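# Chain and residue survey
Take a look at the letters that make up each chain.
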Amino acid sequence: MIHRYQKNGLNFVLDVNSGAVHVLDDVSYAVSGLADETMGETCPQQVVDALGRFEADAVREAWGELYALKKNGQLFAEDDYIDVSRYVPVGAPVKALCLHVAHDCNLRCKYCFASTGDFGQGRKIMPPEVAERAIDFVVSRSGARHNIEIDFFGGEPLMAWDTVVRAVDYARSIEQKHNKKFRFTITTNGVLLDEDKRRYINENMDNVVLSLDGRPAVNDEFRKTVSGAGSYDVIVPKFKALVDERDPEKDYYARGTFTSHNLDFAEDVTHIADAGFDRLSVEPVTADPGCGYDLTEDDLPKIEAEYDRLTEIMLERRKAGKPFSFFHFMVDLDQGPCVVKRLRGCGAGYEYVAVTPDGDIYPCHQFVGKEEFRQGSVLDGSFDMDIAQKFAGMNIYSRPKCQKCWAKFYCSGGCSAANYNMNGDMNDSYDLGCEMERKRLECAIYLKAAEKICAD
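Residues numbered from 1 in each chain as written. Predicted model: local features only at pLDDT ≥ 70, side-chain atom pairs only at ≥ 80, totals over all residues. Heavy atoms only, no water.

## Thoughts on the packing of helix α4 (residues 128–141) against helix α5 (residues 161–178)
It is at 9 Å that the axes of α4 and α5 come closest, and there the two elements cross at 30°. Between α4 and α5, the interaxial angle falls into the category roughly parallel. Pair α4 / α5 crosses with right-handed handedness. The residues of α5 that touch α4, namely those facing P128, E129, A131, E132, R133, I135, D136 and V139, are T163, R166, A167, Y170, A171, I174 and H178. The residue makeup of the contact of α4 with α5, split by class, is 8 nonpolar, 2 polar and 5 charged. (Axes fitted to C-alpha atoms, helices over the stretch in contact; angles between N-to-C directions. Helix = DSSP H or I, 4+ residues; strand = E, 2+ residues; numbered from the N terminus. Parallel < 35°, antiparallel > 145°, perpendicular 65-115°, else oblique. Left-handed = near helix turned anticlockwise from the far one by under 90°. Contact = heavy atoms within 4.5 Å. Nonpolar A, V, L, I, M, F, W, Y, C, P; charged D, E, K, R; others polar.)

## Some words on empty space enclosed by the protein
For the structure shown, the criterion picks out 1 cavity of 30 Å³ or more. Taken as a whole, the largest cavity spans an internal volume of roughly 30 Å³. Along the walls of the largest cavity sit D213, V218, E221, F222, T257, T259, H261 and N262, which together make up its complete lining. Looking at the lining of the largest cavity, its residues break down into 2 nonpolar, 4 polar and 2 charged. (1 Å grid on protein atoms, 1.4 Å probe; cavity = no way out; pocket = protein on both sides within 12 Å on 5 of 7 lines; lining within 4 Å. Points joined across faces, edges and corners; volume = space filled by probe spheres on them.)

## A few points about the sheet that holds strand β1 (residues 2–7)
With respect to topology, 3 strands assemble into an open sheet ordered β1-β2-β3, the strand pairing being antiparallel. At either margin of the open sheet sits one strand with a lone partner, and together these are β1 and β3 (21–24). This sheet shows a mean twist of 20° between the axes of neighbouring strands, independent of strand direction. Of the pairings in the sheet, the one linking β1 to strand β2 (residues 10–15) comprises 6 bridges and is antiparallel in character. The residue bridging Q6 from the neighbouring strand is N11, located in β2. (Pairing = 2+ DSSP bridges.)

## Digging into the pattern of salt bridges
Applying the stated rule across the entire model yields 29 salt bridges. As a salt-bridge pair, D308 and K7 come within 2.6 Å of each other at their nearest N and O atoms. In this pair, D308 is assigned in helix α10 (residues 300–319) and K7 in strand β1, connecting sequence segments 301 residues apart. Judged by relative accessible area, D308 falls into the partly exposed class, the value being 23%. (Salt bridge = Lys/Arg side-chain N within 4 Å of Asp/Glu carboxyl O. Buried < 20%, exposed > 50% of the residue type's maximum accessible area, 1.4 Å probe, protein only.)

## Focus on the packing of helix α6 (residues 195–204) against helix α8 (residues 232–245)
Across the interface, α6 lies against α8 with an axial gap of 10 Å and an inter-helix angle of 40°. Here α8 runs oblique to α6, going by the angle between their axes. Handedness of the α6/α8 crossing: right-handed. The segment α6 lies against α8, with R198, I201 and N202 engaging K238, A241, L242 and E245. Grouping the amino acids of the contact of α6 with α8 by side-chain chemistry returns 3 nonpolar, 1 polar and 3 charged.

Below, the structure is given as structure tokens:
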């Protein structure tokens, strides 16, 4: 299977199964549209005739070059992952926790998937003892794995600051005993981010996610305080101080959401970059149909055009010496993700789980509150392996829509939670999300090629 597309004068052919990306001249691109898996060494006369606008010798030469790529496994490569059972883990170690230290929030964001912070379970804070039991749980379930990820999440984690600090201290205290290394991430809306918390986060958190939607009016339309006031002027100076003080070697990114109210979201991306945050993402909202700010198929042309515009902005910024990274355009085309990652995706439900303030275990933060997905409790060490195996068994071959999709090895079948929330079936891919992912991938490939051309 191949995917062909053109963008700004460049001709791309992506070989789906090998992952090889080719930038072709006009003749070779035209020839690629008439070739398939059965192509042989000799160019058929009907191909030469069909491409009469080109010199016959040029067509035959292009055919030969494409055939050489095919022989090298870089064009029309066979799918050698069909026996996916080889990659379905049995009893996989749990290697990452999303600790919901706060089912409460000091903002009331309209689009919040977590029911403005409490996940429909009532507002509560995780006791430090529950966080410690969660860490014991992941240590006991991680097997021989050395590196373990802990994400502090909410709600708003800074509302449970004592629990965050206690959890970090406890994890560090048992690292050597169990031969583990913990890596911490915290997500915050910034309202409670004072100097002491900034210093602690920069010293102890390997990654920080800063919630910011973009321009003041865009941010404040949805991200309001309990009193109904906007949050932009409160949080941006605090975020800027954190980033300015942060070790450049440590990760962070500003993370926003766009809705049907700001389909010109490239403006929000550039606003965030200009505000001093050069690592960022602005994600499409997943919302109930008809809520008034949800994204629909009718919005897709504008969304795709905006991703195109964003690629050009990023190229211009790079030329001007003011580059920034955009999460959805960060694709490794040199080596790419490992086989398991390409087939299965994020690992929710078996390698990665979420823990609520009450100690309940769910496959990820987006499944919290859905009782049918409750996997157990860190308080008694229970863990439903049937649910874990259900998630472990999901992959691009268990999702029918993925079979003919050229982007499947990059998105790994999409988000199970989004599929479930939008379609009621984790294996029924969310169509609008798929369309946006394909567009983002085309833009990412174009950016890589354009940057290389400029460098050469």
